[in-house]
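# Report on the structure
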Amino acid sequence: MPISLRASGVLVTTLATLLAASMSGCTAEHGTAATTSPTATGKTGQTPDAKPRPPKQDGSPGDILVAGRPITGSERSGIAIAPFKRTYTEGELYAAVTGYWSLAFGATQLESLLADDIKAGKDVVTTIDPAVQRAAYDGLRGQRGAAIVLDAQTGDILGQVSTPSYDPGTFSGNAIADQRAWVQLKDDGDKPLSNRALRLVDNPGSAIHVLVAAAALEKGLLPSVDTPTRSPAVYAAPDSTTQFSGDPTHCTDATLRAALRYACANVFARIASDLGADALASTAQTFGFNNDMMDTPVRAFDSTWPRKPENPTQLALMANGLFEVKSTPVQMAMVMALLVNGGSRVHPNIVTGSKTAMPAQRVVAQRTADQLRSALGDSFGTWVPSASAAWALSVTRTSAGRPVAIAVYISSSADSTSQASQVAERISAATRK
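The shown structure was predicted, so the numbers you read here are calculated from the model rather than taken from an experiment.

Glancing now at the overall build of the protein chain. From N to C terminus, the protein chain includes 16 helices and 19 strands. Buried positions account for 59% of the 433 residues belonging to the protein chain. Looking at the protein chain as shown, the accessible area adds up to about 16500 Å², and 50% of this sits on carbon and sulfur atoms.

Written out as structure tokens, the structure reads:
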């Protein structure tokens, strides 16, 4: 088997019961409730006015802010035990950021995790840049996909989009119309209520090659991205008939620089065999894989790297982003952020002053990150036929010079690498304005 990779029905129940759930945080969400504090950083995504207002004194909920502007609101419901109903501004644009708060169907994401602050009338200040968010959302309109944009030095999430999206205001009450909207969304096969940016896991394909290349450099297998790898054009895993190939012109005895550029499956299968499973697993873990407590503060699903493959073929498949190697879009954005941040891994965070925010942690040498950054260039895309998925990853800098990492994912039965790359470029342009 030759393998090559190309680069390129719910009913409204008793209101009192559901109201308690809707603002208690006791939903299917996980994560650490973040205590927020006023912050005005002047970074991308922030303005001098990007700080919470004084807590409301009329008993109404606090709001979620983007660049100082509320993207949520509230109106009186006329119900004594639930006097306020949530409203949303540009709900579809920001649903992957806010989640929803419904009198009938509970709360998710920030609306759930920060319920105590919100109930107390306090605002929640996000790190989202409205121009970046708009660019990502407009670019992915009509696709099943996700995009996430990170400040590569701080981990601040500048954009977080999942499509198709939904308007949480259509079911925030407890009327028959809210029930109908909810049932329609729950029954939609495209799963608009899912947050793909944080909770979709799929094979990254050749996008994972950079991690394998980092392992080869960090473990001393190769001294440089410009060292020949002694890889045949077609590589068969030990004790296996499975063959891994690449473009014979560019992938025979290719350097890491060439192997990354041309997605040489043979090269990375050979490196995996030479390094062994333990070396690759430890590198994957330093990059953020196998972490089941990735809180932004909304918990992301863990990206997985099997620690003990059963045979050399599985290991070679893993080195090419296949088999049981699965990644979320936010994890792939972290990989790119690590490279542009000199080898330091950031922890993604979407709320200013959050307890889940963490300082960057150096996980690979500056020289390794610089070499890989040089080899990759500013952007690349890959199509994973077995997963019907396209990835586009890129790095850029804001007009103020801050490094930014971008990950775009599109699910499609046809090769959509070009579309994903166009979305990434659209986002990149928005960060530079």
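Next comes the rest of the write-up.
Before going further, it helps to spend a moment on the pattern of salt bridges. Applying the stated criterion across every chain, the model contains 18 salt bridges. E75 is paired through a salt bridge with K85; the nearest N and O atoms lie 3.4 Å apart. Of the two residues, E75 is situated in strand 4 (residues 72-79) and K85 in strand 5 (residues 82-88); the sequence distance between them amounts to 10 residues. Salt-bridge contacts for R144 lead to D190; the nearest nitrogen and oxygen are separated by 3.8 Å. Highlighted residues: R144 in strand 9 (residues 144-151) and D190 in the loop between helix 6 (176-187) and helix 7 (196-199), separated in sequence by 46 residues. The exposure class assigned to D190 is partly exposed, which follows from its relative accessible area of 31%. Here the salt bridges do not stand alone but share partners, grouping R53, K56, D63, R86, E111 and D123 into one network.

Here we come to the packing of helix 14 (residues 329-340) against helix 15 (residues 366-376). The angle between the axes and the distance between the axes are what describe a pair of packed helices. Between helix 14 and helix 15, the shortest axis-to-axis distance is 8 Å and the interhelical angle comes to 110°. In terms of their interaxial angle, helix 14 and helix 15 are classed as roughly perpendicular. Across the interface between the two elements, L338, L339 and V340 of helix 14 pack against A369, L372, R373 and L376 of helix 15. The class makeup of the residues in the contact of helix 14 with helix 15 is six nonpolar, no polar and one charged.

Before going further, it helps to examine the side chain of T283. Of note, T283 is situated in helix 12 (residues 277-287). T283 sits in the buried class, given a relative accessible area of 6%. The contact partners of T283, leaving out residues within four places of it in the chain, are L211, A215 and K219.

Between the first and last C-alpha of helix 16 (residues 417-432) there are 23 Å, a value that for 16 residues agrees with the 22 Å anticipated at 1.5 Å per step. For helix 16, the complete set of buried residues consists of T417, A420, V423, A424, I427, S428, A430 and T431. Viewed along the axis of helix 16, the buried residues span an arc of 160°, placing them on a single side of the element. Where helix 16 is buried, its residues meet helix 5 (130-140), strand 9, strand 17 (379-384), strand 18 (389-397) and strand 19 (403-411).

Quick look at the sheet that holds strand 2 (residues 64-66) now. Read from one edge to the other, the open sheet built from three strands follows the order 3-2-8, with strand pairing classed as mixed. Each edge of the open sheet carries a strand with a single partner, namely strand 3 (69-70) and strand 8 (124-125). Strand direction decides the pairing type here: strand 2 and strand 3, joined by two bridges, are antiparallel. Opposite L65, over in strand 3, you have P70 as the bridge partner.

Next up on the list: the nonpolar core. Judged by nonpolar contacts, the single largest core of 115 residues is most densely connected at L256, F268, I271, W305, L372, V408 and I427. For this core, the leading source of residues is helix 14, giving 10 residues. Each residue touching I427, except ones within four places of it in the same chain, is listed here: V132, A135, A136, A147, V149, I406 and V408. One finds A95, A104, A107 and Y166 within the second-largest nonpolar core, a separate group that totals 13 residues.

Of note, the bond from T163 into P164 is cis; its omega dihedral lies within 30 degrees of zero at -5°. Position of P164 relative to the elements: it lies in the loop between strand 10 (157-163) and helix 6. That bond from T296 to P297 is cis: its omega, 20°, falls within 30 degrees of zero. Summarising the element assignment, P297 is placed in the loop between strand 13 (294-295) and strand 14 (299-300). Backbone geometry at A67 places phi at a positive 50°, although glycine is not the residue there. Inspection of the secondary structure puts A67 in the loop between strand 2 and strand 3. The phi dihedral of R230 falls on the positive side, at around 60°, and the residue is not glycine. With a relative accessible area of 55%, R230 lands in the exposed category.

What follows deals with the sheet that holds strand 18. Here five strands make up an open sheet; going across it, the order is 10-9-19-18-17 and the pairing antiparallel. The sheet terminates laterally at strand 10 and strand 17, the two strands that pair on one side only. Recorded for the sheet is a direction-independent mean angle of 10° between the axes of neighbouring strands. Sheet topology places strand 9 next to strand 10; six bridges connect them, and they run antiparallel. Looking across to strand 10, one finds that A147 is bridged to V161. Where helix 16 meets the sheet, it contacts strand 9, strand 17, strand 18 and strand 19, and its direction lies at approximately 20° from that of strand 18.

This brings us to the side chain of Q160. When you line up the elements, Q160 lands in strand 10. At 2.7 Å, the side chain of Q160 forms a polar contact with the backbone oxygen of A96. Among all residues touching Q160, those that are not within four sequence positions of it are A96, V97, I128, Q133, A147, I148, N195, A197, L198 and I350.

As a further point, take the confidence of the model for the protein chain. Considering every residue of the protein chain, the mean pLDDT works out to 90; 88% of them sit at 70 or more. Note on residues 8-28: pLDDT is under 50 here. Beyond four places in sequence and across chains, it has 45 contacts. Confidence over residues 35-49 falls short of pLDDT 50; this stretch has 42 contacts with residues more than four positions distant or in other chains.

Rules of the game
Residues numbered from 1 in each chain as written. Predicted model: local features only at pLDDT ≥ 70, side-chain atom pairs only at ≥ 80, totals over all residues. Heavy atoms only, no water. Helix = DSSP H or I, 4+ residues; strand = E, 2+ residues; numbered from the N terminus. Buried < 20%, exposed > 50% of the residue type's maximum accessible area, 1.4 Å probe, protein only. Areas by Shrake-Rupley, 256 points an atom, 1.4 Å probe, with all protein chains shown as cover. Salt bridge = Lys/Arg side-chain N within 4 Å of Asp/Glu carboxyl O. Axes fitted to C-alpha atoms, helices over the stretch in contact; angles between N-to-C directions. Parallel < 35°, antiparallel > 145°, perpendicular 65-115°, else oblique. Contact = heavy atoms within 4.5 Å. Nonpolar A, V, L, I, M, F, W, Y, C, P; charged D, E, K, R; others polar. Expected span 1.5 Å × (residues − 1). Arc of directions from axis to C-beta. Pairing = 2+ DSSP bridges. Core = buried A, V, L, I, M, F, W, Y, C linked by side-chain atoms within 4.5 Å. Polar contact = N/O pair within 3.5 Å; in protein donor to acceptor, adjacent residues only side chain to side chain. pLDDT = per-residue confidence, 0-100.

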